[in-house]
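The primary structure of each chain is shown beneath.
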Amino acid sequence: MFKTICIRSLFFASVIIAFIACSEEKKKNIIMPLTDLSKVSLIPKPLKTTPTNSAFALDQFTAIYTSKNATGFEEVGKFLAEKLKNKIDLTIPVNTEGSNTVERVIYINQSDSTELDSPEAYQLYINQDSIIINANTSEGAFRGIQTLRQLVPLESNDTLALQKIWPVPSGKIIDNPNFAYRGSMLDVARHFFSVEDVKKYIDLLAYYKINVLHLHLSDDQGWRIEIKSWPKLTEIGGSTEVGGESGGFYTQEDYKEIVRYAAERYMTIIPEIDMPGHTNAASVSYPFLNGNGKTPKLYEGMKVGFSTFDTHKDTVYAFIDDVVREISAITPGPYFHVGGDESHVTKKSDYIYFINKVEKIVQKHGKRMIGWDEVAIADVDATSISQWWASEENAKKAVDKGMQIIVSPAKKAYLDMEYDTLSKFGLHWAAYIPVDTAYIWTPEEYGIPLENILGVEAPLWSETISNIDELEYLAFPRIIGYSELSWSIKENRNWEDYKVRLADQAPFLDRMDVKYYPSPLIDWKKSDFTYKTIEKD
Ligand code: TNX
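Residues numbered from 1 in each chain as written. Predicted model: local features only at pLDDT ≥ 70, side-chain atom pairs only at ≥ 80, totals over all residues. Heavy atoms only, no water.

### Some remarks on the overall build of the protein
Reasoning step 1: From N to C terminus, the protein includes 16 helices and 18 strands.
Reasoning step 2: Computed over its C-alpha atoms, the radius of gyration of the protein comes to 25 Å, within 12% of the 24 Å expected for a compact globule of 537 residues.
Reasoning step 3: Along the three orthogonal principal directions, the C-alpha set of the protein runs to about 85 × 55 × 45 Å.
Reasoning step 4: Split into buried and exposed, the 537 residues of the protein put 60% on the buried side.
Reasoning step 5: Contacts spanning at least 24 positions in sequence make up 73% of the contacts within the protein whose residues lie at least 6 apart. (Helix = DSSP H or I, 4+ residues; strand = E, 2+ residues; numbered from the N terminus. Rg over C-alpha atoms; globule rule 2.2 N^0.38 Å. Buried < 20%, exposed > 50% of the residue type's maximum accessible area, 1.4 Å probe, protein only. Contact = heavy atoms within 4.5 Å.)

So, in structure tokens, the structure goes:
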């Protein structure tokens, strides 16, 4: 085994040297442009960037190689090739053997260097003739290639050179996320979003190194995931949505496809079944669940806080056990979100009793419980996680219990808040959140001790949005700022600098057909950057 690895490494090292020697010959007549790697509009901003002011000449003679014995690395190489094909229409082979047309390499290397001190860390070395991405894990390599995607200019040089060249600015990037949990939530309960819509959102989030998508799968207005042992949940509970349209739901196969697609992008899906409140759709489907003393009816409105499970029936916990078991079995990630917010018609003692019991059910099925900040009033374990959205008192209780906290303050991080009074969609019960307000705050200094912060999540509630264009209007560009707030260290975050880099995202967003909100605070760029190469006789 060791011998094979050595021979392979030697093979790749010699391949790189041979390419370099050979390409020096052919490239003589092209002068690469002066570049400055530290000025490229990367988001999220990397930990450390050192420019060397030259460029790698990406062209048709470039090939991608990956560490072959390292799990997932070849797939990361293929993902990069596919994305570059889409962006610049260049076909770059991955791990081709014995090709003599290859002059330059992008090498995605599994490295055990101790400098790579987290699974998502990577180093990117861009030289004239090689690009090397070092990472401990394929996850780190995946984050690294997102940076590389952002560095490749859309336009090739337009000089007299014989072949098109896309100069990639040279230098070194050392990068590592500030927080391990960098998320967004999508509410598919108030309005249903198709598997295709969710995949598009996942693609956009992954480009900005977001690694968690939390799906809010049930609420008063709809139940959105098939539970085989309780089929009426989707038959009845999935049949409508806010405004009275026809709703919808994911079959377990659909959900698995979302999970698979996310995993391919190193993103964890967190399922949420909100309870004991926000449960009208479940109670309409199976009225024995209902605990508010009324006859449940399908609900298409927006007000919340009127529903509750009956917290004293064993059959309710048997039902919850089935739901958690079926969903956990098709969820590879470590978390199960139980909601727990705004249970205004559940007595406090009943609420505590309920959360205590449900936490144990979640643990029995091998998951860590997450709940909105209210769950901290129950006797929850330190291993459970509180998602802080509103109450400082609850956040403090969670800290006292030693819990990890996901920072999602509604006044700063809610994607469904209107930008301003002219916003086409959104609510404003917490605040107006223009693009600068969304970015100018410091999760590290928001009242939670650093050691309790798991990360940052930006929830997108969907009462006012019913299709992907409307989703994009609220999420973009603000989610791009949240990616930086959770990935980049605070010393690297600065609004004046960020807003220029954000302006430079417009060509990407346009290419991806994202209907972002064109905030007047940003001087949006119309075209992508490029570098001119010069040809010499
Ligand atoms: C509060 S945030 C809710 C949701 C609503 C949202 C609208 C939270 C845990 N609960 O039920 O959709 O406000 O902004």
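On we go.
### Some words on the sheet that holds strand β6 (residues 130–135)
Reasoning step 1: The strand order across the open sheet formed by six strands is β2-β7-β5-β6-β4-β3, and the pairing between neighbours is mixed. Of all strands in the sheet, those bounded by a partner on one side alone are β2 (48–58) and β3 (62–66). Taken over all neighbouring pairs, the strand axes of this sheet differ in orientation by 20° on average, direction set aside.
Reasoning step 2: Judged from the five bridges that link them, strand β5 (residues 122–126) and strand β7 (residues 166–175) form a sheet pairing that is antiparallel. Bridge assignment links Y125 to a residue of β7, and that residue is K172.
Reasoning step 3: Seen against the sheet, helix α3 (residues 138–151) touches β4 (104–110), β5, β6 and β7 and runs at an angle of roughly 40° to β5. (Pairing = 2+ DSSP bridges. Axes fitted to C-alpha atoms, helices over the stretch in contact; angles between N-to-C directions.)

### As for helix α9 (residues 348–364)
Note on helix geometry: an α-helix contains 3.6 residues per turn, so any two residues three or four positions apart are oriented the same way.
Reasoning step 1: For α9, built from 17 residues, the straight-helix expectation of 24 Å at 1.5 Å per residue is met to within 8% by its first-to-last C-alpha distance of 25 Å.
Reasoning step 2: Buried within α9 are the following residues: D350, Y351, F354, I355, V358, E359, I361 and V362. One face of α9 carries all of its buried residues, which in axial projection span an arc of 165°.
Reasoning step 3: Close packing links the buried residues of α9 with α8 (314–329), β13 (335–337) and β14 (368–372).
Reasoning step 4: Phi for G366, located one or two positions after α9, is positive at around 80°. (Expected span 1.5 Å × (residues − 1). Arc of directions from axis to C-beta.)

### What to know about the side chain of S488
Reasoning step 1: Relative to the helices and strands, S488 is located in the loop between α14 (478–487) and α15 (495–503).
Reasoning step 2: Setting aside its immediate chain neighbours within four residues, S488 contacts P44, K45, N178 and R493.

### A word on the nonpolar core
Reasoning step 1: Of all hydrophobic cores here, the largest spans 148 residues; its most connected members are I320 and I479.
Reasoning step 2: For this core, the two domains that each supply at least three residues are domain 1 (2–175) and domain 2 (181–314 + 340–495).
Reasoning step 3: Apart from the residues lying within four places of it in its own chain, the contact partners of I320 are M275, F309, F354, V358 and I361.
Reasoning step 4: Of all hydrophobic cores here, the second largest spans eight residues; its members include I270, Y335, I385 and L454. (Core = buried A, V, L, I, M, F, W, Y, C linked by side-chain atoms within 4.5 Å. Domains from an automatic or database assignment.)

### Things to note about the UniProt feature "domain: Glycoside hydrolase family 20 catalytic" (unreviewed entry) in the protein
Reasoning step 1: Under the present numbering, the feature "domain: Glycoside hydrolase family 20 catalytic" (unreviewed entry) in UniProt falls on residues 179–344 and 352–488.
Reasoning step 2: The span residues 179–344 is 31% helical and 14% strand by assignment, and the distance between its end C-alpha atoms comes to 33 Å.
Reasoning step 3: Regarding residues 352–488, the helix share stands at 36% and the strand share at 15%, and the terminal C-alpha atoms are separated by 37 Å. (UniProt positions renumbered as here; feature names shortened; annotations may be inferred.)

### Examining the site of the ligand
Reasoning step 1: Neighbouring residues of the ligand: 13 residues in total, closest R190, Y414, D416, W429 and E463.
Reasoning step 2: Note that a nitrogen atom of the ligand is positioned 2.9 Å from one of the side-chain N or O atoms of D341.
Reasoning step 3: A distance of 2.5 Å separates an oxygen atom of the ligand from a polar atom in the side chain of D416. (Near = heavy atom within 4 Å. Polar contact = N/O pair within 3.5 Å; in protein donor to acceptor, adjacent residues only side chain to side chain.)

### Comments concerning the domain arrangement of the protein
How big an interface is tends to be reported as the loss of accessible area on association of its parts.
Reasoning step 1: Domain assignment breaks the protein into domain 1 (2–175) and domain 2 (181–314 + 340–495).
Reasoning step 2: Taking only C-alpha atoms into account, the centre of domain 1 sits 38 Å from that of domain 2.
Reasoning step 3: With 21 residues of domain 1 in contact, the opposing surface of domain 2 contributes 18 residues.
Reasoning step 4: Both faces considered, domain 1 and domain 2 share a buried interface measuring about 1700 Å² in area, 55% of it formed by carbon and sulfur atoms.
Reasoning step 5: It is P44, K45 and R143 that lose the most area in domain 1 upon contact with domain 2, and together they represent 33% of the buried surface on that side. (Buried area = accessible area lost by both parts, 1.4 Å probe.)

### Brief notes about the pattern of salt bridges
Reasoning step 1: Applying the stated rule across the entire model yields 35 salt bridges.
Reasoning step 2: Note that K78 and E74 form a salt bridge whose closest N and O atoms lie 3.8 Å from each other. Within this pair, K78 and its partner E74 are both found in helix α2 (residues 73–88), separated by four residues, close to a single helical turn.
Reasoning step 3: Classification of E74 as partly exposed rests on a relative accessible area of 29%.
Reasoning step 4: Among the charged side chains, a network of salt bridges with common partners joins K199, D203, E257, R260, E264 and R265. (Salt bridge = Lys/Arg side-chain N within 4 Å of Asp/Glu carboxyl O.)

### Re the packing of α8 against α9
Reasoning step 1: Two elements in contact, α8 and α9, have axes whose closest approach is 10 Å; the angle formed by their N-to-C orientations is 35°. Crossing of α8 against α9: the hand is right-handed. Of the residues in α9, those in contact with Y317, I320, D321 and V324 of α8 are Y353, F354, K357, V358, I361, V362 and K364.
Reasoning step 2: Across the contact of α8 with α9, the residue classes tally to eight nonpolar, no polar and three charged. (Left-handed = near helix turned anticlockwise from the far one by under 90°. Nonpolar A, V, L, I, M, F, W, Y, C, P; charged D, E, K, R; others polar.)

### Description of the packing of aromatic side chains
Reasoning step 1: Evaluation of the coordinates by the stated rule reveals 31 aromatic pairs.
Reasoning step 2: Where W495 meets Y498, the ring centres are 6.1 Å apart and the plane angle is 40°; that geometry is what we call tilted. Residue W495 and its partner Y498 are located together in helix α15, separated by three residues, close to a single helical turn.
Reasoning step 3: Of the residues examined, W495 reaches a relative accessible area of 14% and is grouped as buried.
Reasoning step 4: Taken together, the aromatic side chains of W223, W230, Y286, F288, F309, Y317, F319, Y353 and F354 make up a single cluster linked through ring pairs.
Reasoning step 5: For the cation-ring pair, K357 lies above Y317, with the distance from its terminal atom to the ring centre recorded as 4.9 Å. (Phe/Tyr/Trp six-rings, centres within 6.5 Å; stacked < 30°, edge-to-face > 60°. Lys NZ or Arg CZ within 6 Å of the ring centre and 35° of its normal.)

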